[in-house]
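As a plain string of letters, each chain reads:
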Amino acid sequence: MSENTAFTSVLEETAKGAFYLFSGGFIATALSALCGIIIARLLGPEDYGAYSLAFTIPFFLTVFTGFGVNSALTRYISSLYRGGRSSRIASMIRIGMVFTLLESIVVYLVGLLFIDWLSTWLINRPELSNPTLYLLPVVVFQAIVNASIGALLGFNDAKRVTYVSIIQQVFRLALAPLLIITGFGLIGALIGNTIAYALAVIPALIYLYHYYALVRDNDGVESGRVLLIQMITYGAPLYVSSVVSSLVDTYRNALLSRIADDYVIGSFNAAFRFVTLITIIMAPISTMLFPAFSRLSNNRAELGKLFTISVKYSSLVVVPAAVLCIVMPREIVAVLLGREYLALTPHYFALISLNYLYVALGYMVLGSFFSGVGDTRVNLEATVVYAVAFAGLAVALSGLIGVDGLAYSIVLANGASTIYSLVVARRKHEVSLDYYSTLGVLGAAVSSAIPAYILSVSIQVVGVLPNLLKIVIGGLAYLLIYATLLPKLGVINRGDLDFIVNAFSKIKPLKPLILLIAKYEEKLIKL
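Just so it is clear, the model here is predicted, and its values are computed rather than measured.

(A) Layout of the overall build of the protein. The helix and strand tally for the protein stands at 22 helices and 0 strands. With 527 residues in all, the protein has 56% of them scored as buried. Working note: accessible area of the protein is about 21900 Å², and carbon and sulfur atoms make up 68% of it.

(B) Layout of the environment of Asn146. Structurally, the position occupied by Asn146 is in helix H7 (residues 138–154). Overall, the relative accessible area of 28% leaves Asn146 in the partly exposed class. In this structure, the C-alpha to C-alpha distance between Asn146 and Ser71, residues 75 residues apart in sequence, is 9.1 Å.

(C) The arrangement of the nonpolar core in detail. In terms of nonpolar packing, the biggest core is built from 72 residues, with Tyr51, Phe274 and Leu337 touching the most fellow members. Counting residues per element, this core draws most heavily on helix H1 (residues 3–54), which supplies 11 residues. Among all residues touching Leu337, those that are not within four sequence positions of it are Ile37, Ala40, Arg41, Ala270, Phe274 and Thr345.

(D) Just helix H19 (residues 450–458), in detail. Of all the residues in H19, the buried ones are Ala452, Leu455 and Ser456. Angular distribution of buried residues about the axis of H19 spans 100°; they occupy a single face of the element.

(E) Up close: the packing of H7 against helix H8 (residues 158–215). Between H7 and H8, the shortest axis-to-axis distance is 8 Å and the interhelical angle comes to 30°. Between H7 and H8, the interaxial angle falls into the category roughly parallel. For the element pair H7 and H8, the recorded crossing hand is left-handed.

(F) Just H7, in detail. The end-to-end C-alpha distance of H7, which contains 17 residues, comes to 24 Å, matching closely the 24 Å that a straight helix rising 1.5 Å per residue would cover. In terms of burial, H7 is a largely internal element, 15 of the 17 residues being buried. Asn156, located one to two residues past H7, shows a positive phi value of around 65°.

(G) Fine view of the pattern of salt bridges. Counted under the stated rule, the structure contains 7 salt bridges. Across the salt bridge formed by Arg125 and Asp262, the nearest N and O atoms sit 2.8 Å from each other. Of this pair, Arg125 sits in the loop between helix H5 (115–121) and helix H6 (129–133) while Asp262 sits in helix H10 (residues 262–274), placing them 137 residues apart in sequence. Comparing Arg125 with Asp262, the two get one shared label, buried.

(H) The arrangement of the environment of Gly443 in detail. Take Gly443: it is sitting in helix H18 (residues 435–448). Of the residues examined, Gly443 reaches a relative accessible area of 28% and is grouped as partly exposed. Each C-alpha atom, one on Gly443 and one on Leu486, is 9.3 Å from the other, the two residues being 43 residues apart in sequence.

(I) Quick look at empty space enclosed by the protein. A full pass over the atoms with the stated rule returns 2 cavities of 30 Å³ or more. Reported here for the second largest cavity is a volume of approximately 50 Å³. Every residue along the wall of the second largest cavity is listed here: Thr308, Val311, Lys312, Ser315, Ala360, Leu433, Asp434, Ser437, Thr438 and Val441. Of all the elements in the fold, those that place two or more residues in the lining of the second largest cavity are helix H12 (300–327) and H18. Considering every element that reaches the lining of the second largest cavity, the biggest residue donor is H12, with 4 residues. Along the lines of polarity and charge, the residues of the lining of the second largest cavity split into 4 nonpolar, 4 polar and 2 charged.

(J) Representation of unusual backbone geometry within the structure. One non-glycine residue, Phe67, lies in positive phi territory at about 55°. The phi angle at Glu430 is positive, at roughly 55°, despite the residue not being glycine. Mapped onto the secondary structure, Glu430 falls in the loop between helix H17 (403–429) and H18.

(K) Just the side chain of Ser409, in detail. Secondary-structure assignment places Ser409 in helix H17. Ignoring sequence-local partners within four residues, the contact set of Ser409 consists of Phe390, Leu393, Ala394 and Leu397.

(L) Inspection of the packing of aromatic side chains at higher detail. Scanning the model with the defined rule gives 19 aromatic pairs in all. Look at Phe60 and Phe64: their rings are 5.2 Å apart centre to centre, the planes differ by 80°, and that puts the pair in the edge-to-face class. Owing to a relative accessible area of 25%, Phe64 belongs among the partly exposed residues under this scheme. Put simply, the rings of Tyr48, Tyr51, Phe55 and Phe59 touch in pairs and so form one group of aromatic residues. Between the NZ or CZ atom of Arg252 and the centre of the ring of Phe272, over which it lies, the distance is 4.3 Å.

Criteria and thresholds
Residues numbered from 1 in each chain as written. Predicted model: local features only at pLDDT ≥ 70, side-chain atom pairs only at ≥ 80, totals over all residues. Heavy atoms only, no water. Helix = DSSP H or I, 4+ residues; strand = E, 2+ residues; numbered from the N terminus. Buried < 20%, exposed > 50% of the residue type's maximum accessible area, 1.4 Å probe, protein only. Areas by Shrake-Rupley, 256 points an atom, 1.4 Å probe, with all protein chains shown as cover. Core = buried A, V, L, I, M, F, W, Y, C linked by side-chain atoms within 4.5 Å. Contact = heavy atoms within 4.5 Å. Arc of directions from axis to C-beta. Axes fitted to C-alpha atoms, helices over the stretch in contact; angles between N-to-C directions. Parallel < 35°, antiparallel > 145°, perpendicular 65-115°, else oblique. Left-handed = near helix turned anticlockwise from the far one by under 90°. Expected span 1.5 Å × (residues − 1). Salt bridge = Lys/Arg side-chain N within 4 Å of Asp/Glu carboxyl O. 1 Å grid on protein atoms, 1.4 Å probe; cavity = no way out; pocket = protein on both sides within 12 Å on 5 of 7 lines; lining within 4 Å. Points joined across faces, edges and corners; volume = space filled by probe spheres on them. Nonpolar A, V, L, I, M, F, W, Y, C, P; charged D, E, K, R; others polar. Phe/Tyr/Trp six-rings, centres within 6.5 Å; stacked < 30°, edge-to-face > 60°. Lys NZ or Arg CZ within 6 Å of the ring centre and 35° of its normal.

As structure tokens, then:
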């Protein structure tokens, strides 16, 4: 197979996998968002603040599970399976899963033992220690699911990864609101989440066993201890990075719990949670880029090309979505959460959305790039940069302007981390951005937002349907202007259109839409 054919094959597989993750991820995230909206509405801002704080402890403990084994499974299975060297895969799966299970149980027991201390010192809410007990088993369930998904991604099975997420969110949507309505309140919401996480383990293990059975006959005789050390060695920087990230998130919630009441915390965390709906677009692309970069890690020229186009095309989609969230936050919050959250949440929603403008600088791609090429140490260094920047800024800015200071600290720290990773990628691996396209995408996205912004500030309406109508009108006008400006600014050309059509033409559900957009853009290019 020629290098060009191999590169094209990787792009097609990445596009196809990203589509399945996007479609499945869209369904899963939509279900998750719907569940979150219902829970937020049923509990109200104050109880929703307590609900969001209760997750701090199990999510903090979860990061001490796995030691990066899930990322190692993705990396090594992808490399070995594609290379026809499956003799080590079965052993890696078996050892990685057993290690993850045993280690996560130990972490769960430690959390159980110190729950009162954690509730007091991490979230400044000792009264939440008993409710949090119902959520603690998530530590074990999530660790098993993460390891299984890591292995499935190594086999490039994006479909089954999305099925696991969808199943989890279906049960979460069915159980958590029902338990609240039937009188269990906050505790019911937490129990519903725990059961959903537990049920997601079943399909994850069934799907993984399918592949394990395929490679089991070729199982090698290599020492389990050697394989485990190899996986942990690879995953160690990613693991430490996740520990640092978790400590930063825990620090943020601890600081938030000390400078704000539950109503403000509920408003802030609702904004923080629902702005991540943008990750419906981001997550599938970045997830599928990990194995794609891994398969091209030995070809520097093709690796650089994949990096550049990945940043460019991800920016084309994510940046306008972020800008729309910035200019129409009140309407989005009104539709998602209702009038109770309109006092503070739209402001926080707009501030946190600024994070996703960094996608134009590689924010979405850089982590997958370094993981794929095996240079996971840079991800750790970038996380440390973020942690140090956030820790210093959060103390200073929250002291000056309160909760707003936390939001600005998150945005500025993410900027510092992204720029650091980009500089290292350019210096160490000789990859770069298409800077003209970066400026063009940002310029087109901001310019196109002017009509939507005028609509948002000039007409104030009440109720879900009127606000939804404003979003539809403003969004369609925004997208039409944006799509018109891209070729006029030279951001996309005929070569880009050919590439996009070729990359996505084999995905039948997307083909009509892609061809329609391409036809419109082509006409503008010819003018």
